[in-house]
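For reference, the chains in residue letters:
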Amino acid sequence: MSNFPSTARVVIIGGGVVGVSSLYHLAKAGWTDCVLLEKNELTAGSTWHAAGNCPNFSTSWAIMNMQRYSLGLYAGLEKEVDYPMNYHVTGSIRLAHSKERMQEFERARSMGNYQGLDLEMMAVSDMKDRYPFIETHDLEGGLWDPADGDIDPAQLTQALAKGAREMGARIERFCPATGVTREGSEWIVHTDKGDIRCEYVVNAAGYYAQRVAEWFKPYGGRTLPMTVMSHQYFLTEEIPELAAWTKENGRKVPLLRDVDTSYYLRQDKNGLNLGPYERNCKAHWVTPQDPMPEDFSFQLYPDDLERLEWYIEDAMARVPILGTAGVGRVINGPIPYAPDGLPLIGPMPGVPNAFEACVFTFGITQGGGAGKVLAEWITEGQTEWDMWAVDPRRYTDYTDQDFCDQKAMETYGHEYAMHFPHHVWPAGRDRKLSPVHDKILAAGGQMGTFNGWERANWFAKPGDDTSEESTQTWDRNGPWALRVKEEVEAVRDGVGVLDLPGFSRFNLSGDGAAEWLRGRITGGLPKVGRMNLAYFGDNRGRILTEMSILRHGEDHFTLITAATAQWHDFDILRPARDAGLTLTDHTTEYSTLIVTGPQSRALFEALETKADLSLGWLTHQAAEVAGKPCALARVSFAGELGWEIHAANADIPALYDAVIGAGAKPFGMFALNSMRIEKGYRAWKGDLSTDYTLLEGGLDRFVKLDKPQDFPGKAAMQLEKQAGSKKRFVIMTVDAGDQDAPYMSTVWHDGAVVGETTSGDWGYRVNSSIALGMLRADLAVPGTEVEIDIFGKMCKATVQPDQPLWDPQNERIRA
């Protein structure tokens, strides 16, 4: 075919709404030499049978940003590209059956208002005015979103396609990609019509994304984490009563979501569309007896309404007119699910110049924002908003298919679930275990997961309520509270031990390694035998990540970072290999024990440790403890005198037994979080994210603008230093009620929002609720009084001096 493109800057594989939106946004950014390949017609996958609902609502800041952008785009798209669309903005009501659900709504309302959305809390007495057919006797209240509604998915996709084509981008329909090859710095995408040589490839293949990902395995790829679920909804025949009301009022009734029961109910013409997310859900194409077909374009699964029976009955009780009409049509189609129900948008882990924009459970409402985010990744190498919530690198090597299937079933069946701060979902557990996992369980460890690693959140005693139900609360206090207090006090007054498997750890060595690092980090390197914190910024001066750097020799380093950052941070360091340096990942070979508290030195002395225990804070040394070789690092995230023991997995059990035998009390992640907040220590992807610059984040002491190396973000930070930062990091004490401030709670002053929290917890050593956050710079002054919206309650907060609340002079940690 003479006119088939042989080259392109970007090739997108998949012609659903997300792939087409990505093409549209690339073209809008000026990258018009892009080609989209679709094996059938556009929308032939999940897009064509999608219900097309368009909510703003989310309790994820990143997802809400993305959905808000989508709805804004859709509102003007018909006019922009001159393509007709059925987009009905009806508003929506979310129903709450409990106080806890109303608290969740208050949190979403506050976040939405901060983003410019007009979300409103609803009283039960107001509901019939907006939805006359509803029964409200058992409700607590609701949430109103005036911008919610529904859009025709096919029309939306075609409108984006028209816009992309008019800007010069190209779409090849009925042209399946059949594989990829990498030659030098270029990709070759193979099709039956010919090969296309390109710089970048995007996997936007919907429920076929896992198959496409297999092509990239020879170039560093992995099995893509996803499962295909069967989602079923049905449309009723016409309901005369609804038709009459619509004619009289000139509008549709709002979209209704009963999130506690787990369904949405939407007017469709003069009937209703009911879509449950049922607990007894079904995955497809996960067994040899149910293989994925080569092509499922424009196809559906057989009807299976028996699964929905309970939900249908509940919906008919809520809206009785639903029961007056017969079923007109049933839609039962495939929807891809990642383990957490959020899509994969961003760099393909381990593969150069390859990206993912796939596994969308809510692709219609997220498609516009997804295209924007994907285009930013490719054209700028970074995104406007921090998008870690959907970054493909948030999953690493523990996501085998069994894990994905278990989590997809759990997530689908709890699609509208509340995500409480002390609750841990039970499916897909025990993927990565500490060498002393059984000892932790025997001691009462109540486990949580961190990049697949099991760690104790807290330690229960006999008689404590460890049921899942006990954790389903937004409140600070629960069965864990007394135990966490005891754990903190043990660390404060004596010595504690935290088993911490899964620290991401990388070795970097080779001639020039030190200079290479100096050109990447914002600050300086430690001397040999010492360690420090180092920050990596992007070219805007925003915070990419934080790593601890241990220096063993002039050009030999160990870099340690958060468990969840393993693949993300390895990507940041990967260019070192291009510079001829040796970079290796040793995360799974070693584990860590944190031994900390004023009696920790005495404990090591009692164990006849072969090490110099007089070495100061931020030193490290090879040592021997209880007869086992290890490394001792003089540092403590808890803010007390202490050491981290780093040792081979095989030696951890003996070390743990020795430390416990010498009197250390086990403590968990809840206690550690409480203590790190008292010290003002930042946590990655909460307090430390690309939503903030290093200077806004109060990390000035880790930035050396006078060093000769032109590290990423240096120029931007020089400009910010001259102009002044608009926001500043603050520590606040809060007159909180029963809940501490969650992430992205709004901060108010004189009736206006002036900032947001980035994390919050109770400080047991200072006996106060604490919030870390970002505040308008002129208000970031000690003593300033503000208010924090915590689940709808305005709580007084006071800005504290720029120093730790606990041990402000760091005398204890340096002891």
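See the structure printed just above.
What counts and what doesn't
- Residues numbered from 1 in each chain as written.
- Predicted model: local features only at pLDDT ≥ 70, side-chain atom pairs only at ≥ 80, totals over all residues.
- Heavy atoms only, no water.
- Helix = DSSP H or I, 4+ residues; strand = E, 2+ residues; numbered from the N terminus.
- Rg over C-alpha atoms; globule rule 2.2 N^0.38 Å.
- Buried < 20%, exposed > 50% of the residue type's maximum accessible area, 1.4 Å probe, protein only.
- Contact = heavy atoms within 4.5 Å.
- Areas by Shrake-Rupley, 256 points an atom, 1.4 Å probe, with all protein chains shown as cover.
- Lys, Arg positive; Asp, Glu negative; His and termini not counted.
- Charge placed at Lys NZ, Arg CZ, Asp CG, Glu CD.
- Axes fitted to C-alpha atoms, helices over the stretch in contact; angles between N-to-C directions.
- Parallel < 35°, antiparallel > 145°, perpendicular 65-115°, else oblique.
- Left-handed = near helix turned anticlockwise from the far one by under 90°.
- Nonpolar A, V, L, I, M, F, W, Y, C, P; charged D, E, K, R; others polar.
- Phe/Tyr/Trp six-rings, centres within 6.5 Å; stacked < 30°, edge-to-face > 60°.
- Lys NZ or Arg CZ within 6 Å of the ring centre and 35° of its normal.
- Salt bridge = Lys/Arg side-chain N within 4 Å of Asp/Glu carboxyl O.
- Core = buried A, V, L, I, M, F, W, Y, C linked by side-chain atoms within 4.5 Å.
- Pairing = 2+ DSSP bridges.

Novice: Outline the overall build of the chain, listing residues and values.
Specialist: Secondary structure assignment for the chain yields 19 helices and 38 strands. Against the compact-globule benchmark of 28 Å for 815 residues, the chain has a radius of gyration of 27 Å, which places it among compact chains. Taken across its 815 residues, the chain has 60% of its residues classed as buried. Looking at the chain alone, contacts between residues at least 24 apart form 72% of all its contacts between residues at least 6 apart. For the chain, the accessible surface area stands at approximately 29,800 Å², while carbon and sulfur atoms represent 49% of it. Between the mean site of the 80 positive side-chain charges and the mean site of the 111 negative ones, the chain shows a separation of 5 Å.

Novice: Pulling in residues and values, what's your account of unusual backbone geometry?
Specialist: Although it is not a glycine, Ser262 adopts a positive phi angle of roughly 95°. Its place among the elements puts Ser262 in the loop between strand 13 (255–258) and strand 14 (263–268). Residue Asn451 is not a glycine yet carries a positive backbone phi of 55°. Take Asn451: it is sitting in the loop between strand 20 (445–450) and strand 21 (453–459). Since its relative accessible area comes to 4%, Asn451 is described here as buried.

Novice: Quick one: what's the story with the packing of helix 1 (residues 17–28) against helix 9 (residues 363–380), residue by residue and with numbers?
Specialist: Between helix 1 and helix 9, whose axes approach to 7 Å, the crossing angle comes to 45°. The orientation of helix 1 with respect to helix 9, classified from their angle, is oblique. Here helix 1 runs over helix 9; the crossing is right-handed. The residues of helix 9 that touch helix 1, namely those facing Val17, Val18, Ser21, Ser22, His25 and Leu26, are Gly363, Ile364, Gly367, Gly368, Ala370, Gly371, Lys372, Leu374, Ala375, Ile378 and Thr379.

Novice: Kindly report on the packing of helix 2 (residues 61–81) against helix 5 (residues 153–166), identifying the contributing residues and their values.
Specialist: Between helix 2 and helix 5, the least distance of the axes is 10 Å, while the angle of their chain directions is 55°. Judged by the angle between their axes, helix 2 and helix 5 are oblique. Considering how the two elements wind past one another, helix 2 and helix 5 form a crossing that is left-handed. Contacts between helix 2 and helix 5 involve Leu73, Tyr74, Leu77 and Val81 on the former and, on the latter, Leu156, Ala159, Leu160, Lys162, Gly163 and Glu166. Partitioning the contact of helix 2 with helix 5 into residue classes produces seven nonpolar, one polar and two charged.

Novice: Tell me about the packing of aromatic side chains, and please be specific about residues and values.
Specialist: Counting across every chain of the model gives 31 aromatic pairs. When the centroid spacing of 6.2 Å and the interplanar angle of 50° are considered together, the rings of Tyr200 and Phe355 count as tilted. You can see Tyr200 sitting in strand 11 (residues 194–203) and its partner Phe355 sitting in strand 19 (residues 354–358), a full 155 residues away along the chain. With a relative accessible area of 14%, Tyr200 lands in the buried category. Given a relative accessible area of 8%, Phe355 falls into the buried group. Ring pairs connect the aromatic residues Tyr264, Tyr277, Tyr337, Phe362, Tyr412 and Tyr416, which therefore count as one cluster. Over the ring of Trp31 we find Arg9, and its NZ or CZ is 3.5 Å from the ring centre. We note Arg130 situated over the ring of Trp144; from NZ or CZ to the ring centre the distance is 4.0 Å.

Novice: Can you explain the pattern of salt bridges? Please cite residues and give values.
Specialist: Two side chains of opposite charge can pair, provided their charged atoms sit close to one another. The final tally for this structure, using the stated rule, is 55 salt bridges. A salt bridge links Lys28 to Glu80; the shortest N-O distance between them is 3.5 Å. Taken together, the positions of Lys28 in helix 1 and Glu80 in helix 2 put the pair 52 residues apart, joining distant regions of the chain. One continuous salt-bridge network, built from bridges that share partners, spans Asp391, Arg393, Asp571 and Arg574.

Novice: An account of the nonpolar core is needed here, citing residue identities and associated values.
Specialist: Among the nonpolar cores identified, the biggest contains 49 residues, and Val10, Leu77, Leu156, Val202 and Ile378 are the most heavily contacted of them. Mapped by element, the contributors of at least two residues to this core are strand 1 (7–13), helix 1, strand 2 (34–37), helix 2, helix 5, strand 11, strand 19 and helix 9. Ranked by the residues each element gives to this core, the list is headed by helix 2, at eight residues. Excluding anything up to four places from it in sequence, Ile378 contacts Val10, Leu26, Trp31, Tyr200, Val202 and Phe355.

Novice: Lay out the sheet that holds strand 38 (residues 793–799) with the relevant residues and their values.
Specialist: Taken in spatial order, the six strands line up as 33-36-35-34-37-38 and close into a barrel, and their pairing is antiparallel. Going across the sheet, the axis of each strand differs from the next one's by a mean of 40°, ignoring polarity. Summarising the sheet, strand 33 (residues 727–734) and strand 36 (residues 768–776) pair through eight bridges and their orientation is antiparallel. Each residue of the ladder has a partner; that of Phe729, found in strand 36, is Met774.

Novice: Before we move on, could you go through helix 14 (residues 566–573) and cite the residues and values that matter?
Specialist: Counted residue by residue, helix 14 has seven buried out of eight residues, so it is predominantly covered. Looking only at helix 14, the buried set comprises Gln566, His568, Asp569, Phe570, Asp571, Ile572 and Leu573.

Novice: Quick one: what's the story with the environment of Phe637, residue by residue and with numbers?
Specialist: Inspection of the secondary structure assignment puts Phe637 in the loop between strand 30 (628–633) and strand 31 (642–648). Look at Phe637 and you get partly exposed, because its relative accessible area is 33%. Once residues lying within four places of it in the same chain are set aside, the contact partners of Phe637 are Leu672, Arg676, Tyr681 and Arg682.

Novice: Which residues make up the side chain of Gln67, and what values do they have?
Specialist: Its location among the elements puts Gln67 in helix 2. In this structure Gln67 touches Pro55, Asn56, Phe57, Ser58, Thr365 and Gln366, once residues within four positions along its chain are discounted.

Novice: For the pairing of strand 24 (residues 531–537), give the residues involved together with the corresponding values.
Specialist: For strand 24, the tally of buried residues reaches six of seven residues, placing the bulk of the element in the interior. One ladder, built from seven bridges, connects strand 24 with strand 25 (residues 543–553); its direction is antiparallel. Bridging from a neighbouring strand, Tyr535 pairs with Glu546 of strand 25.

Novice: With reference to specific residues and values, describe the pairing of strand 15 (residues 271–276).
Specialist: Here strand 15 lies mainly inside the structure; six of its six residues are buried. Taking every second residue as pointing to the same face, both faces of strand 15 are buried, with Gly271, Asn273 and Gly275 on one and Leu272, Leu274 and Pro276 on the other. Bridge analysis of strand 12 (residues 227–236) against strand 15 gives two bridges, and the strand direction is antiparallel. Considered in strand 15, the bridge of Phe234 is made with Leu274. Where strand 14 lies against strand 15, six bridges are found, and the strand directions are antiparallel. The partner of Gln267 across the bridge, within strand 15, is Leu272. Between strand 14 and strand 15, which pair antiparallel in sequence order, lie two residues; one of them, Lys269, sits at a positive phi of approximately 55°.

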